[in-house]
Amino acid sequence: MARFDVTMKHGEDSLFALAHMQYDLFCTRNFIARNLLSAALILLGAYFMSRVWGIFLILYGIYLMTSTYASSNHTVRKLIAQIEASGKGYPSSRYRFEEKRIAITFHPGQKDEEELAPVSYGDLIKLGEDGKYFYLFPNPHGGYCIPKGLLNGKQKEFAAFLEEKTGQRFYRRRPSPLRRLREWMRRRAEEPEHL
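What counts and how
Residues numbered from 1 in each chain as written. Predicted model: local features only at pLDDT ≥ 70, side-chain atom pairs only at ≥ 80, totals over all residues. Heavy atoms only, no water. Helix = DSSP H or I, 4+ residues; strand = E, 2+ residues; numbered from the N terminus. Buried < 20%, exposed > 50% of the residue type's maximum accessible area, 1.4 Å probe, protein only. Contact = heavy atoms within 4.5 Å. Pairing = 2+ DSSP bridges. Core = buried A, V, L, I, M, F, W, Y, C linked by side-chain atoms within 4.5 Å.

1. Describing the environment of I102
Alright, step 1. Along the chain, I102 turns up in strand β3 (residues 101-106).
Alright, step 2. For I102, a relative accessible area of 2% corresponds to the buried category.
Alright, step 3. As for I102 and L116, which are separated by 14 residues in sequence, their C-alpha atoms are 9.9 Å apart.

If you want it as structure tokens, here you go:
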């Protein structure tokens, strides 16, 4: 019997979110190297700002600092183009979280439904979470995302269940201050005018 049963359909949003979390969890060295190189280029460019190439160093340093997910986004855009070219639409999956394993069905309820090999909780090497999804990674090359909205208010129980079964903690990505400000401004713009 499944403790949690979630059927979800991927979309652009979930594919980008999964790729970003994958980068956050498995590319720490790349992230640190990018930021150190970025800071060095900006400082070097500032020192030689009177020369044209100094300005280019600053610009390139800023690009490195602000394009953290550029490679991930490129890969996801290629995947989206392949999905749209196939004409089959975005994939859907059903995840049944049982006591000893996760049973996964690809395209549930369709004629090409496929039961994938079950994933044991011990096979999960990283867990991630953001505002919309839980992420489960059995390897650095791919993972699963579970929309929080499909857990019917049982997000805390779900997280506690997985942490207990895997012996791991969820990495929680916090939105940047700029992103929080943008979200707040978007919500304000959508609110009705107050009297």
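2. Some remarks on the environment of L25
Alright, step 1. Within the fold, L25 resides in helix α1 (residues 12-26).
Alright, step 2. Through-space distance from the C-alpha of L25 to that of L15 is 15 Å; in sequence the pair is 10 residues apart.

3. Remarks on the side chain of E98
Alright, step 1. Tracing the backbone through its elements, the reader meets E98 in the loop between β2 (92-97) and β3.
Alright, step 2. The contacts of E98, once residues within four sequence positions are left out, are M1, A2, R3, A103, Y121 and F161.

4. Here we look at the pairing of β3
In summary, the side chains of a regular strand alternate between the two faces of the sheet.
Alright, step 1. In this structure, β2 lies alongside β3, joined through five bridges in antiparallel fashion. Within β3, the residue paired with S93 across the bridge is F106.
Alright, step 2. Between β2 and β3, which follow one another and run antiparallel, lie three residues.
Alright, step 3. As defined by bridge partners, β3 adjoins strand β5 (residues 119-120) across two bridges and the pair is classed as antiparallel. By the bridge assignment for β5, R101 is matched with S120.

5. Comments concerning unusual backbone geometry
Alright, step 1. Phi angles above zero are rare outside glycine, and N152 is one such case at about 50°.
Alright, step 2. Position of N152 among the secondary structure elements: in the loop between β8 (142-147) and α5 (155-166).
Alright, step 3. Under the relative-accessibility criterion, N152 is labelled exposed at 67%.

6. Some remarks on the nonpolar core
Alright, step 1. By size, the foremost hydrophobic cluster in this structure holds 29 residues, and its most contacted members are F97, I102, L136 and I146.
Alright, step 2. Mapped onto this core, the elements with two or more residues apiece are β1 (4-9), α1, β2, β3, β7 (133-139), β8 and α5.
Alright, step 3. Counting residues per element, this core draws most heavily on β7, which supplies five residues.
Alright, step 4. Setting aside its immediate chain neighbours within four residues, F97 contacts A2, R3, F4, I102, Y121, L136, I146, F158, F161 and L162.
Alright, step 5. In this structure, A19, V76, I83 and Y90 belong to the second largest nonpolar core, which totals seven residues.

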